[in-house]
Amino acid sequence: MSFPDLRAFLDQLARDGDLVTVDAEVDANQEAAEIHRRVIAAGGPALRFTNVRGKAFPLVTNLFGTPRRAELAFGTRPLRLIKRIVEVAETLMPPTPAKLWGARDVGREALRIGLKRGVRGPVLDVVEPPALDRLPALTCWPQDGGPFVTLPLVYTEHPDGKGHNLGMYRLHIHDDQTTGMHWQIGKGGGFHYQRAESRGKALPVSVFIGGPPALILAAIAPLPENVPELMLASLIAGERLPLSTAPGGHPHPLVANAEFALMGEVAPHERRPEGPFGDHYGYYSLRHDYPVFHVRQIARRKDAIYPATVVGKPRQEDFFIGDLLQELLSPLFPLVMPGVRGLWSYGETGYHSLAGAIVCDRYAREAMASAFRILGEGQLSLTKFLIATDQPVDLKDFRATLEHLLARTHPETDLYVFSNLSMDTLDYTGPEVNKGSKGVWLGLGDPVRDLPGEFGPATPPPSDVTDVRVFCRGCLVVGGPRYADDPDAGSRLASHPAFAGWPLLVLTDEPTRAAKSPVNFLWTTFTRFEPARDIHAAAIGLVRHHVTYTPPVVIDARLKPGFPDELFCAPEVADTVTRRWKEYFQSSVEMGDSARAHLD
């Protein structure tokens with residue numbers, strides 16, 4: 001099933017009984033977001049708000065907030081087609097008439113992919129001056145800097161004609177006519193702006209809100225630079241993407257079936273403070289200067305619907321889209337990275353904080369060649385920590401994957417830390433924004449140790465250890481003093497005899513919470529540590545310029561001074577939503593725990 005626009009998808013959700021309409025008046029300032037969070041925490045339906053206080057358009061959220069809805073939106077056809085393309089690429093060479101004939105199905109599919117220009121689409125129903133205050137843009141969290149457009153599809157073109165970029169970069173609404181443009185490092189739109197700005201020129205920008213669900217998936221896909229996202233959207237949808245000519249001389253085509261199109265430019269050498277914003281890591285991203293998008297005109301449907309999403313502690317709506325996207329692209333990994341047989345980034349960590357890989361190791365240290373390839377591939381280059389093995393394991397089962405690695409690793413030679421590198425803009429564990437380190441930990445070949453599964457040391461732990469829990473065989477979660485009170489606790493614990501025989505310790509402020517489930521462990525550990533600062537060991541040496549780590553290895557995942565606050569709803573907003581729940585929902589809709597989300 002393919003959906004040509006947002007409302008076709010909404011119609012299907014309504015037929016499936018998976019869309020609930022809220023007619024009661026709600027506030028776009030935190031109230032709507034808290035309703036959304038409670039519904040998604042309970043695995044509930046998509047939401048349509050028809051009466052957003054002071055706004056001109058209805059609001060829809062939680063469109064993709066379950067695996068079923070995410071798969072429905074994007075369908076199974078793209079995965080089948082990508083698998084088939086990979087199969088053809090692997091078997092077609094050298095080409096023969098028989099092989100070419102056997103691949104004719106791919107040729108037929110390719111003929112359906114492309115762009116259909118000059119369409120008079122519904123996005124042109126109304127063209128008007130900008131009035132961004134009429135949009136039901138959400139303020140999601142109490143410390144947010146204001147309302148944000150959270151599902152923007154930002155379209156730019158390379159100033160030298162080298163293709164286009166479609167990305168999802170949040171827009172902080174500054175006033176009726178301007179927004180921030182949150183181009184993080186490594187983003188295609190940011191590269192286009194950098195080139196235009198170096199010449200002292202403004203970069204034309206179009207922002208689409210709504211449209212075919214395939215467009216959203218294409219916008220967030222980690223494609224190599226200059227690979228056209230609009231063509232990926234066409235491939236996902238299985239049909240040519242209709243485009244309209246923009247009014248008023250705006251240089252970009254418009255997605256004909258979008259709900260809104262914001263048209264304008266980002267001026268050179270202009271910055272304004274952007275943020276804070278409650279982000280998908282589960283903490284606030286802080287206030288920084290970013291370029292400014294000047295909106296000159298808005299095109300929209302006459303009965304436009306405004307889609308939005310809410311991010312926060314895992315698992316939110318972006319998690320289900322991200323995991324589906326990984327499934328979609330996974331057949332391509334062995335094709336573009338031949339030594340990589342499997343790859344999985346963990347959404348519970350914000351995706352960039354941790355990835356697991358199954359790689360080839362046919363000769364000594366070949367695994368590191370694949371690790372470097374992963375860390376140099378597009379958006380994967382933002383990965384902070386990579387664990388890799390050459391043996392089969394279900395990477396989605398993190399507990400099993402970690403046990404697999406710990407049973408095989410020689411930390412003295414298999415753990416690598418690389419300092420003075422770039423880091424994901426939203427990760428605040430480094431010494432300053434965009435800067436930090438990366439780690440690679442290998443566990444290759446056959447097991448080299450039996451992993452302990454119970455903690456019962458002959459020597460008691462140090463007196464300042466508050467709790468010790470087993471997360472999995474070989475890994476302990478240890479509660480200890482606050483980092484501000486004892487920043488050296490990690491290195492001290494690593495050499496304590498109570499922990500001898502355990503290859504990995506995680507030092508945390510919240511041992512009970514961290515050890516309760518893989519989701520909790522992933523989130524509380526990998527979003528809070530930076531490899532170069534926070535990895536310790538019983539002994540650390542230097543051999544041929546390689547740092548050697550004698551186990552136990554300690555990951556210090558305590559919260560550090562200056563780290564952003566964890567996301568929580570404002571108490572008064574939480575009370576309002578609790579009190580009004582039955583007013584919002586005439587039918588029975590379960591109220592989940594938004595403070596916990598999917599954490600245990």
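Here, the structure is the one placed above.
Computed from a prediction, not measured in an experiment: that's the story for all the values here.

A.B. asks: Quick question: what am I supposed to make of the sheet that holds strand β28 (residues 546–556) here?
C.D. replies: If you trace the five strands from one edge of the open sheet to the other, you get β24-β25-β26-β28-β27, paired in mixed fashion. Strands with a single pairing partner mark the edges of an open sheet, and in this sheet they are β24 (467–472) and β27 (535–543). The mean inter-strand angle of the sheet, taken between neighbouring strand axes irrespective of direction, is 25°. As paired elements, strand β25 (residues 475–479) and strand β26 (residues 504–508) share five bridges and run parallel to each other. Paired with Cys475 across the strands is Leu504, a residue of β26. Against the sheet, helix α13 (residues 398–408) engages β24, β25 and β26, with an angle of about 95° to β24.

A.B. asks: Help me understand the pairing of strand β14 (residues 260–274), please; the structure alone is not making it clear to me.
C.D. replies: As a general feature of sheets, a regular strand has side chains that alternate between the two faces. Summarising the sheet, strand β11 (residues 203–209) and β14 pair through seven bridges and their orientation is antiparallel. Pairing of Ser206 across the sheet is with Met263, part of β14. As paired strands, β14 and strand β17 (residues 288–300) are joined by eleven bridges and run antiparallel to one another. Residue pairing across strands places Glu265 opposite His294, the latter belonging to β17.

A.B. asks: Quick question: what am I supposed to make of the side chain of Thr309 here?
C.D. replies: By secondary structure assignment, the location of Thr309 is in the loop between β18 (306–307) and α10 (317–329). Residue classification places Thr309 among the buried positions, given a relative accessible area of 10%. A distance of 2.7 Å separates a polar atom in the side chain of Thr309 from a polar atom in the side chain of Glu317. The contact partners of Thr309, leaving out residues within four places of it in the chain, are Leu138, Cys140, Thr150, Leu151 and Glu317.

A.B. asks: Whenever I open this one, the sheet that holds strand β19 (residues 340–345) confuses me. Can you help?
C.D. replies: Here we have five strands laid out as an open sheet, ordered β19-β20-β21-β23-β22, and mixed in their pairing. Strands with a single pairing partner mark the edges of an open sheet, and in this sheet they are β19 and β22 (415–422). Averaged over all pairs of adjacent strands, the angle between strand axes in this sheet comes to 20°, irrespective of strand direction. The sheet contact formed by strand β20 (residues 355–359) and strand β21 (residues 385–389) spans four bridges and is parallel. The residue of β21 that forms the bridge with Ala357 is Ala388. Of the strands in this sheet, β19, β20, β21, β22 and β23 (435–443) are in contact with helix α12 (residues 366–375), which crosses β23 at around 145°.

About the thresholds
- Residues numbered from 1 in each chain as written.
- Predicted model: local features only at pLDDT ≥ 70, side-chain atom pairs only at ≥ 80, totals over all residues.
- Heavy atoms only, no water.
- Pairing = 2+ DSSP bridges.
- Helix = DSSP H or I, 4+ residues; strand = E, 2+ residues; numbered from the N terminus.
- Axes fitted to C-alpha atoms, helices over the stretch in contact; angles between N-to-C directions.
- Contact = heavy atoms within 4.5 Å.
- Buried < 20%, exposed > 50% of the residue type's maximum accessible area, 1.4 Å probe, protein only.
- Polar contact = N/O pair within 3.5 Å; in protein donor to acceptor, adjacent residues only side chain to side chain.

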